[in-house]
Amino acid sequence: MAVPDQHTLYLLARQCRRAIEAVPREEFIGSVFRDFPAGCCGDTSNVLATYLFEKTGVIADYCAGRDGGTDHEIYSHAWLQINNLIIDITADQFQDRGYPLDPVYVGPATDWHKTFDVTVEPDARHTSIKDVNWLEVAWQRIMAEMAATEHHWLPRSEW
């Protein structure tokens, strides 16, 4: 299967983030998504990987970063990688620490991402993880939001 281009991956990542943001926080009972984007980069990456697979058939790698930032003050952060493209929809949680990061980033590794000590794991889909009960519930709710409003996020030519 051919890997989608950077622009397509960006549009899909943006759609997923908007769906997560659209779900009322109180519906994420017992979920890290209640504080999105803070503290949920790993789970968000798993959900995004599953969404990207369903839309494109491509399996993204899971990048688990440790000790990042200018002074290695960021304990951990996670994102996806497909070939040499990073897909990160939660890096903006570090804006309050002085990092002007975009809510949705798709592109080559930034200088900021390069500060992390990274472990790469293949197949980031949430369905590839053991004991996914609560994450499956969050996935279903996010996908329901996506289905209800997806056409609003697509360029008019794609309706």
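Note that the structure is a prediction, hence the values are computed from the model and not measured. (Residues numbered from 1 in each chain as written. Predicted model: local features only at pLDDT ≥ 70, side-chain atom pairs only at ≥ 80, totals over all residues. Heavy atoms only, no water.)

Asks: Could you clarify how one ought to interpret the sheet that holds strand 2 (residues 74-82) in this entry?
Replies: Hydrogen bonds along the backbone pair up the strands of a sheet, which may run parallel or antiparallel. Taken in spatial order, the 5 strands make up an open sheet running 4-3-2-1-5, and their pairing is antiparallel. Looking at strand neighbours, the two that pair on one side only are strand 4 (105-107) and strand 5 (117-121), the edges of this open sheet. Within this sheet the neighbouring strands show an average axis-to-axis angle of 25°, counted without direction. Sheet analysis places strand 1 (residues 61-68) next to strand 5, joined by 5 bridges and oriented antiparallel. The residue of strand 5 that forms the bridge with C63 is V120. Sitting on the sheet, helix 1 (residues 6-22) touches strand 2, strand 3 (85-88) and strand 4, and the angle it makes with strand 4 is about 165°. (Pairing = 2+ DSSP bridges. Helix = DSSP H or I, 4+ residues; strand = E, 2+ residues; numbered from the N terminus. Axes fitted to C-alpha atoms, helices over the stretch in contact; angles between N-to-C directions. Contact = heavy atoms within 4.5 Å.)

Asks: What is the right way to read the environment of D43 from this model?
Replies: Along the chain, the position of D43 falls in helix 2 (residues 41-56). Counting along the chain gives 11 residues from D43 to V32, while the straight-line C-alpha distance between them is 7.9 Å. Not counting residues up to four positions away in its chain, the partners in contact with D43 are V32, F33, W134 and L135.

Asks: Sorry if this is basic, but what is going on with the packing of aromatic side chains here?
Replies: How two aromatic rings sit relative to each other is set out by the distance from centre to centre and by the angle between their planes. Scanning all chains against the criterion turns up 5 aromatic pairs. Between F28 and F33 the ring centres are 5.3 Å apart and the planes differ by 35°, which places this aromatic pair in the tilted class. The same class applies to F28 as to F33, namely buried. When the centroid spacing of 6.1 Å and the interplanar angle of 55° are considered together, the rings of Y99 and W112 count as tilted. With Y99 in the loop between strand 3 and strand 4 and W112 in the loop between strand 4 and strand 5, this residue pair connects regions lying 13 residues apart in the sequence. The residues Y99 and W112 share a single accessibility class, namely buried. Aromatic rings pair up to connect W79, F94, Y99, W112 and F116 into one cluster. (Phe/Tyr/Trp six-rings, centres within 6.5 Å; stacked < 30°, edge-to-face > 60°. Buried < 20%, exposed > 50% of the residue type's maximum accessible area, 1.4 Å probe, protein only.)

Asks: Any chance you could explain helix 2 here in plain terms?
Replies: Think of an α-helix as 3.6 residues a turn; residues three or four steps apart then line up on the same face. Between the first and last C-alpha of helix 2 there are 21 Å, a value that for 16 residues agrees with the 22 Å anticipated at 1.5 Å per step. When you tally the buried positions in helix 2, you get 13 out of 16 residues, the bulk of the element. Among the residues trailing helix 2, G57 stands out with phi positive, at a value near 80°. (Expected span 1.5 Å × (residues − 1).)

Asks: Just to check I follow, could you spell out helix 1 for this structure?
Replies: With 17 residues, helix 1 should reach 24 Å at 1.5 Å per residue; the first-to-last C-alpha distance of 24 Å fits that figure. Looking at helix 1, one finds that the buried residues are L9, L11, L12, A13, R14, Q15, C16, R17, A19 and I20.

Asks: Explain unusual backbone geometry here, please?
Replies: Only a minority of non-glycine residues have a phi that is not negative, and only a minority of peptide bonds are not trans. The step from F36 to P37 runs through a cis peptide bond, and the omega angle for that step is 5°. Relative to the helices and strands, P37 resides in the loop between helix 1 and helix 2. A positive phi angle is found at D67, which is not glycine, with a value near 55°. Topologically, D67 is positioned in strand 1. Given the relative accessible area of 40%, D67 is considered partly exposed. At N83, a residue that is not glycine, the phi angle is positive and equals roughly 55°. The topology assignment puts N83 in the loop between strand 2 and strand 3. Overall, the relative accessible area of 55% leaves N83 in the exposed class.

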